[in-house]
Amino acid sequence: MSKISSPLAIAIAIALLAGSAVGVAAQEAPVEFTAEWGTGRVAIVSGEPVVSGDYARQYRGEVWEPWTVTESTDPRFAGDLSVSFNHDEYEDGSTIWAVAFTVHGDEGAWLMEPTVGLRFPGITIPEVLGLRFGETRMNDVVFVGEGAYDGLLALVKIERGGSGWDLHGYIVDEASLPTVEPYRP
């Protein structure tokens, strides 16, 4: 067996070993979790209707709380819950809305990437959000971590449960996710 005696060869070997350890750490597997959210008594703490000539009504800056995370298998996805909601109600009864949930924990927060949707005439806002009891709504959403969770994403499926929502998701390192560029012909 031959010995490695060159300082350069030793430095390269150490660098390769250190680099492979970093590569393994960056490829950490997603952490699966489940959570339950309860609505309790929800109060609008901000937001005012704004009337416009193009709309029957616009609402901006609504924040509803307190909602609660009643249970979570991962303590990072526990804490106080609020929802930000803006919507435009058109004269024909349709609505275009944007909604985003935020989970505020002791060490950081999770901010949901806003979801935009359309409500057709004859359907109420609570029905759009799946707030009616017995109705099942499923949404796939992404939460961006802040504070101690900076650099992490929570990829979550939200489904309407008994008195709130059931969540099933994965907390992942954003840097380890695959990326893609849209095809441009």
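Calculation notes
Residues numbered from 1 in each chain as written. Predicted model: local features only at pLDDT ≥ 70, side-chain atom pairs only at ≥ 80, totals over all residues. Heavy atoms only, no water. Helix = DSSP H or I, 4+ residues; strand = E, 2+ residues; numbered from the N terminus. Buried < 20%, exposed > 50% of the residue type's maximum accessible area, 1.4 Å probe, protein only. Contact = heavy atoms within 4.5 Å. Patch = residues over 30% accessible without salt bridge, like charges linked within 9 Å, V, L, I, M, F, W, Y side chains within 5 Å. Areas by Shrake-Rupley, 256 points an atom, 1.4 Å probe, with all protein chains shown as cover. Salt bridge = Lys/Arg side-chain N within 4 Å of Asp/Glu carboxyl O. Pairing = 2+ DSSP bridges. Core = buried A, V, L, I, M, F, W, Y, C linked by side-chain atoms within 4.5 Å. Phe/Tyr/Trp six-rings, centres within 6.5 Å; stacked < 30°, edge-to-face > 60°. pLDDT = per-residue confidence, 0-100.

Helix and strand counts for the protein chain come out as two helices and 10 strands. Counting from the amino terminus, helix and strand elements in the protein chain follow one another as α-β-β-β-β-β-β-β-α-β-β-β. Looking at the protein chain as a whole, 31% of its 185 residues are labelled buried. Summarising the internal contacts of the protein chain: among those between residues at least 6 apart in sequence, 51% fall at separations of at least 24.

What follows concerns a nonpolar patch on the surface. The grouping of Ile-96, Val-116, Leu-118 and Phe-120 at the surface amounts to a nonpolar patch, some 400 Å² of accessible area in total. Following the sequence through the fold, Phe-120 ends up in the loop between strand S7 (115–119) and helix H2 (125–128).

Here the focus is the pairing of strand S4 (residues 80–89). Of all 10 residues in S4, seven are buried, a share of seventy percent or more. Taking the residues between adjacent antiparallel strands as the criterion, S4 and strand S5 (residues 95–104) are bridged by five residues, where Gly-93 takes a positive phi near 95°.

Looking at the secondary structure, you find Phe-77 in the loop between strand S3 (55–72) and S4. Between the C-alpha atoms of Phe-77 and Val-103, which are 26 residues apart in sequence, the distance is 7.0 Å. Apart from residues no more than four positions distant in its own chain, Phe-77 is found in contact with Phe-33, Ala-35, Trp-37, Val-69, Ser-72, Val-103, Trp-110, Phe-143, Ala-154, Val-156 and Leu-167.

Glancing now at the nonpolar core. With 25 residues, the main nonpolar core has Trp-37, Phe-77, Trp-110, Phe-143, Ala-154, Val-156 and Leu-167 as its most contacted residues. When contributions to this core are tallied by element, the ones reaching two or more residues are strand S1 (31–38), S3, S4, S5, strand S6 (108–112), strand S8 (138–147), strand S9 (152–160) and strand S10 (164–173).

Moving on, we come to the packing of aromatic side chains. Summed over the entire model, instances satisfying the criterion amount to seven aromatic pairs. A centroid spacing of 5.2 Å and a plane angle of 90° characterise the contact between Phe-77 and Phe-143, whose relative ring orientation is edge-to-face. Highlighted residues: Phe-77 in the loop between S3 and S4 and Phe-143 in strand S8, separated in sequence by 66 residues. The residues Phe-77 and Phe-143 share a single accessibility class, namely buried.

Our next topic: the confidence of the model for the protein chain. For any part of a model where pLDDT is low, the fine detail of the predicted coordinates should not be relied upon. Confidence along the protein chain averages 74 in pLDDT terms, with 64% of residues attaining 70 or more. The secondary-structure element of the protein chain with the lowest mean pLDDT is helix H1 (residues 7–26), recorded at 40, while S6 shows the highest, at 95. Confidence drops under pLDDT 50 across residues 1–27; counting only partners more than four residues distant or on other chains, this segment forms four contacts. When the criterion is pLDDT under 50, residues 130–136 qualifies, and its contacts beyond four places in sequence or with other chains add up to 16 contacts.

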